[in-house]
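Structural overview
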Amino acid sequence: MIDVINLKKNFGDMEVLKGISITINKGDIVAVIGPSGSGKSTFLRCLNCMEDPTSGQIIFNGVDIADMSVDINIHRRHMGMVFQHFNLFNNKTVIENIMLAPVHVRLQEARKNKIKVSKKQVKEEARQQAMELLKRIGLEDKADVYPVTLSGGQKQRVAIVRALAMNPDVILFDEPTSALDPEMVGEVLDLMKDLAAEGMTMIVVTHEMGFAREVANRLLFMDDGVILESGDPKEFFANPQTARAKDFLSKVL
């Protein structure tokens, strides 16, 4: 699904990614771990073109989305993103947050293809889908409230189903539990485990070592802008190959 080829990213004179090459297959659950400042979040943001790569290729569904001439918005519709701090729109209700992108894209495509559609019908269909997603996470009673009234765990679950509303091929998670109180982490991880069991392709930057070991089928250990180790999570935790990985695990486990 995704081929990353010699991806590099500089911020001025600082080289943050130093030549990342990795293939992500459909259905993979990839956990990306490593110390702070190793380039994990930058790697994820480059995949979604929130950061322009300095060089290299990102082949997503057969198209190099690192090519500046490509309309990245077309491909972003198939690549969901869940952020550390939720990034919900606080001036919109929960259901409006979930409906926003599907309604915008549907109307935009209709205009582009000169197809007449009823804006009211498009909104009604999006609302129905949003309610189904909220029922899935047990928050249908929160549809018409504003995000400020939700707990951190509730906000993150809404953020995840907001990504699901676009029916993406892959979802990128950037430390989805690190801003949560410990008792709220479980409810978010449970939803992510459900998605993994359903076959959703996921790339997860995480500090949750239990999730990385038990749910992911692939693990990337990053440090100083490179992937030092890649492979089976259980093998990595049982027998890390590099001194840097051994040192990291001794501090986090």
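Reading the values: the criteria
- Residues numbered from 1 in each chain as written.
- Predicted model: local features only at pLDDT ≥ 70, side-chain atom pairs only at ≥ 80, totals over all residues.
- Heavy atoms only, no water.
- Pairing = 2+ DSSP bridges.
- Helix = DSSP H or I, 4+ residues; strand = E, 2+ residues; numbered from the N terminus.
- Contact = heavy atoms within 4.5 Å.
- Axes fitted to C-alpha atoms, helices over the stretch in contact; angles between N-to-C directions.
- Salt bridge = Lys/Arg side-chain N within 4 Å of Asp/Glu carboxyl O.
- Buried < 20%, exposed > 50% of the residue type's maximum accessible area, 1.4 Å probe, protein only.
- Right-handed = clockwise from strand over helix to strand, strands pointing away.
- 1 Å grid on protein atoms, 1.4 Å probe; cavity = no way out; pocket = protein on both sides within 12 Å on 5 of 7 lines; lining within 4 Å.
- Points joined across faces, edges and corners; volume = space filled by probe spheres on them.
- Nonpolar A, V, L, I, M, F, W, Y, C, P; charged D, E, K, R; others polar.
- Expected span 1.5 Å × (residues − 1).
- Bend = angle between axes of the 7 residues up to and from the residue.

1. Overview of the sheet that holds strand S1 (residues 2-11)
An order of S2-S1-S4-S5 is seen for the four strands of this open sheet, with the pairing classed as antiparallel. Of all the strands in the sheet, just strand S2 (14-24) and strand S5 (63-64) have a single pairing partner and so form its edges. Bridge analysis of strand S4 (residues 55-60) against S5 gives two bridges, and the strand direction is antiparallel. For phenylalanine 60, the partnering residue across the bridge sits in S5 and is valine 63. Together, S1, S2 and S4 form the strand contacts of helix H1 (residues 40-47), whose direction differs from that of S1 by roughly 120°.

2. Section: the pattern of salt bridges
Inspection of every chain in the model, using the stated rule, returns twelve salt bridges. Close ionic contact of lysine 18 with aspartate 224 constitutes a salt bridge, the shortest N to O distance being 3.0 Å. Here lysine 18 is found in strand S2, whereas its partner aspartate 224 is found in the loop between strand S9 (218-223) and strand S10 (226-231), with 206 residues between them in sequence. The exposure class assigned to lysine 18 is partly exposed, which follows from its relative accessible area of 31%. Classification of aspartate 224 as partly exposed rests on a relative accessible area of 47%. Between arginine 218 and aspartate 28 there is a salt bridge, with its nearest N and O atoms 3.1 Å apart. Within this pair, whereas arginine 218 is found in strand S9, its partner aspartate 28 is found in the loop between S2 and strand S3 (29-33), the two being separated by 190 residues in sequence. Given the relative accessible area of 7%, aspartate 28 is considered buried. One salt-bridge network, in which partners are shared between bridges, spans Asp223, Arg244, Asp247 and Lys251.

3. Some words on the pairing of strand S8 (residues 201-205)
A regular strand places its side chains on the two faces of the sheet in alternate fashion. With respect to burial, S8 is a largely interior element, five of its five residues being buried. The side-chain alternation of S8 yields two buried faces, one formed by Thr201, Ile203 and Val205 and the other by Met202 and Val204. With four bridges connecting them, S3 and S8 associate as parallel partners. If you follow valine 30 over to S8, its bridge partner there is isoleucine 203. Of the strand pairs in this sheet, strand S7 (residues 170-174) and S8 are connected by five bridges, and their pairing is parallel. Bridged to valine 170 within S8 is threonine 201. In this region the chain leaves S7, passes through helix H6 (residues 182-197) and returns to the parallel neighbour S8; the handedness of that crossover is right-handed.

4. Remarks on the layout of surface pockets
Over the atoms, a rolled probe matching the size of one water molecule traces out where space is still vacant. By volume, the largest pocket is sized at about 770 Å³. Breaking the lining of the largest pocket down by element, the ones donating at least two residues are helix H2 (72-76), strand S6 (79-82), helix H3 (94-112) and helix H5 (152-164). With eight residues, H3 is the largest single contributor of residues to the lining of the largest pocket. Of the residues belonging to the lining of the largest pocket, the class tally is eleven nonpolar, seven polar and six charged.

5. Thoughts on H3
The terminal C-alpha atoms of H3 lie 28 Å apart, and with 19 residues this matches the ideal 27 Å at 1.5 Å per residue to within 8%. A maximum bend of about 35° is found in H3 at leucine 100, where proline proline 102 lies one to four positions downstream. Regarding H3, the residues found buried are Val94, Ile95, Asn97, Ile98, Met99, Pro102, Val103, Val105, Leu107 and Ala110. Among the structural elements, helix H4 (119-136) and H5 are those in contact with the buried residues of H3.

Structural measurements only, silent on function.
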